[in-house]
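Here is how the chains run, residue by residue.
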Amino acid sequence: FVDMRNVRVESTRTRLALAREDGETIAHGVSDVENGAFYAVIGARGGDDDANGTSWRRLELASFHAATGARTSSQALYDEAQALEMHVVSGSSDVVVGLAHAIERGGVVGAFASGECVAADGDENAQLMPCECVGDVPDGVLAFEMSPDGEVCAALTSTGAVVVMTKDLYPLGERAPDAARSDGFTRGAISWRGDGEFFACCATDASGDTTLRVMRREDVSVESVGERGSTLSASASVSALSSGGALGVVPLAWQPRGALIATAARVDGEKSDRVVFYERNGLRRGEFALPGDAHVDALAWSADSQCLGVVVAYSSANDDVIAQRAVQIWTRSNMHWYLKHETRYGAEEGVVRIEWDVERGETLRCFTASGILERKQLYWDTTTSDVGTCAVIDGDVLMLTPMFRTPVPPPLCAARAIFDAPIVAAAFSPFSGDVERVAALLSTGALALVSSVASTDWERTA
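My aim in this report is to walk through the structure given alongside it, one point at a time.

Scoring rules and cut-offs
Residues numbered from 1 in each chain as written. Predicted model: local features only at pLDDT ≥ 70, side-chain atom pairs only at ≥ 80, totals over all residues. Heavy atoms only, no water. Helix = DSSP H or I, 4+ residues; strand = E, 2+ residues; numbered from the N terminus. Contact = heavy atoms within 4.5 Å. Buried < 20%, exposed > 50% of the residue type's maximum accessible area, 1.4 Å probe, protein only. Polar contact = N/O pair within 3.5 Å; in protein donor to acceptor, adjacent residues only side chain to side chain. Pairing = 2+ DSSP bridges. Axes fitted to C-alpha atoms, helices over the stretch in contact; angles between N-to-C directions. Salt bridge = Lys/Arg side-chain N within 4 Å of Asp/Glu carboxyl O. Phe/Tyr/Trp six-rings, centres within 6.5 Å; stacked < 30°, edge-to-face > 60°.

## With respect to the environment of M146
Right, on to step 1. Turning to its location among the elements, M146 is positioned in strand β10 (residues 141-146).
Right, on to step 2. Considering only alpha carbons, one finds M146 and L99, 47 residues apart in sequence, at a separation of 8.5 Å.
Right, on to step 3. When near neighbours in sequence (up to four residues on either side) are disregarded, M146 contacts A100, V109, V152, C153 and W192.

Next up, the structure:
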């Protein structure tokens, strides 16, 4: 199947009501689409004994109206000004590693790096009731994820053990790591298959070595272990990449209706990460490289498994400081991966997270640490000129083919117009008879124009 369509994205953006003058940011969040709500762990950094501003002085679990950004409720989790017995979670350095919408509760459940698991019910207005600590994992938690059916959840501990729990956070089974690590693990991730029968988990040790395991839900047994290397890049191994948090996350996403498990890798000598794919049996199955100096922060598949959302961080030219973050939408056709759209965010917006609608594959939701909440609706259509020249977007490349004369399928084309940044949209001007012109809007906001040498003779265009 050859898809020559491009995507048109309509975005609705709002700002969540945060006390920005007090330094409030979003630590983690999740959408409640049915009730039009957004739940988030929010906090303000810079405690009394924190000279670097890296510790929390206050943490809250809050609900917001998704359309207006208004805060509708807030429940305290930690406040350095309160007595210890008033705290739901214990420490100012705690990091929320997972937050999930609990449908039956009408609220949320979540886990912190300290091992504390919290839950809060919601009322008929999607406002949160008082939050409570309902469980504790003594070894600490690196990753936490609810199953697609909402019946169980899985947690990865700092020792590499995997624990499966009920939706009320009661343990059902545990799998110890295959080999004990004296220094433990520092990062992790969990992603469920769409039917909830299997899940993948990644764990990174102190040396930076990452192991991918596929687990069975029923008995928490290991189905397979991800192989190292690739036929395309033999030196590549799965990389654990930080998204800016104290622990960081390993990019990991299992295709809901397919066989691919997506994660990230870095090849020696390359500036950008690669997205690499595994099957359930642990074997590698293809990869693609990211354009520019890009590091993968997160991955997420659409509900119909047609689109892969990739959150990347672009480094500045002269150092490793993050200059921008971006949300990219990738699709596959004719054995080729296409970058169809990119939205950029300034470094001041902080960490960017994404989640696809659980039912509609054309709806993507994004939020930033600074409080931007954005809903993207995808519409697919072809871009053709008056005389039948077709333009196909692939990152910073516009593939141009006069289909009436050279009917070749992408990624083959008559000519390639290369721009300075990924293309967001393209359109042909009305044909005047002498040359064809096409305008391209780039993700940087720039507008570029390219024209053929003569008429539809794109093959001779430089």
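That was the structure; now back to the text.
## Re the environment of R58
Right, on to step 1. Mapped onto the secondary structure, R58 falls in strand β4 (residues 56-65).
Right, on to step 2. A residue is classified by how much of its surface remains accessible, and R58, at 12% relative accessible area, is buried.
Right, on to step 3. The spacing of R58 and E24 is 34 residues in sequence and 8.9 Å in space, taken between C-alpha atoms.
Right, on to step 4. When sequence neighbours within four positions are dropped, the list of residues in contact with R58 reads D22, E24, I42, G43, A44, Y78 and D79.
Right, on to step 5. One polar contact links R58 to D22, side chain to side chain, over a distance of 2.3 Å.
Right, on to step 6. At 2.9 Å, the side chain of R58 forms a polar contact with the side chain of E24.

## Some details on the sheet that holds strand β28 (residues 363-368)
In a beta sheet, neighbouring strands pair by backbone hydrogen bonds and run either parallel or antiparallel.
Right, on to step 1. Within the open sheet, the four strands sit side by side as β1-β29-β28-β27. Their pairing is antiparallel. In this open sheet, the two edge strands, each paired with only one partner strand, are β1 (6-15) and β27 (352-356). Between one strand axis and the next, the sheet turns by 25° as a mean value, whatever way the strands run.
Right, on to step 2. In the sheet, β1 pairs with strand β29 (residues 372-381) via ten bridges, with the strands oriented antiparallel. Bridge pairing in β29 links N6 to D381.

## Description of the pattern of salt bridges
Right, on to step 1. Within this structure, the stated rule accounts for 28 salt bridges.
Right, on to step 2. Among the ionic pairs, D168 bridges to R105, the shortest N-O distance being 3.7 Å. Of this pair, D168 sits in the loop between β12 (162-166) and β13 (171-175) while R105 sits in the loop between β6 (96-102) and β7 (107-112), and the two are 63 residues apart along the sequence.
Right, on to step 3. The shortest N-O distance in the salt bridge between E270 and R274 comes to 2.8 Å.
Right, on to step 4. For E270, a relative accessible area of 28% puts it in the partly exposed group.
Right, on to step 5. Within this structure, D22, E24, R57, R58, E60 and R71 form a network of salt bridges that share partners.

## Topic: the packing of aromatic side chains
The relation between two aromatic rings is expressed through the spacing of the ring centres and the mutual angle of the planes.
Right, on to step 1. Enumeration over the complete set of coordinates arrives at eight aromatic pairs.
Right, on to step 2. With a centroid separation of 6.2 Å and an interplanar angle of 45°, the aromatic rings of F277 and W301 are classed as tilted. One end of the pair, F277, is in strand β21 (residues 274-278); the other, W301, is in strand β23 (residues 294-301), and 24 residues separate them in sequence. As far as burial versus exposure is concerned, F277 and W301 are alike and both buried.

## Things to note about the side chain of S443
Right, on to step 1. Mapped onto the elements of the fold, S443 is located in the loop between β35 (437-442) and β36 (447-451).
Right, on to step 2. Of note is the side chain of S443, whose polar atom sits 2.7 Å from the side chain of E342.
Right, on to step 3. With residues near it in sequence (within four places) discarded, S443 still touches E342, R344, A421, P422 and V424.

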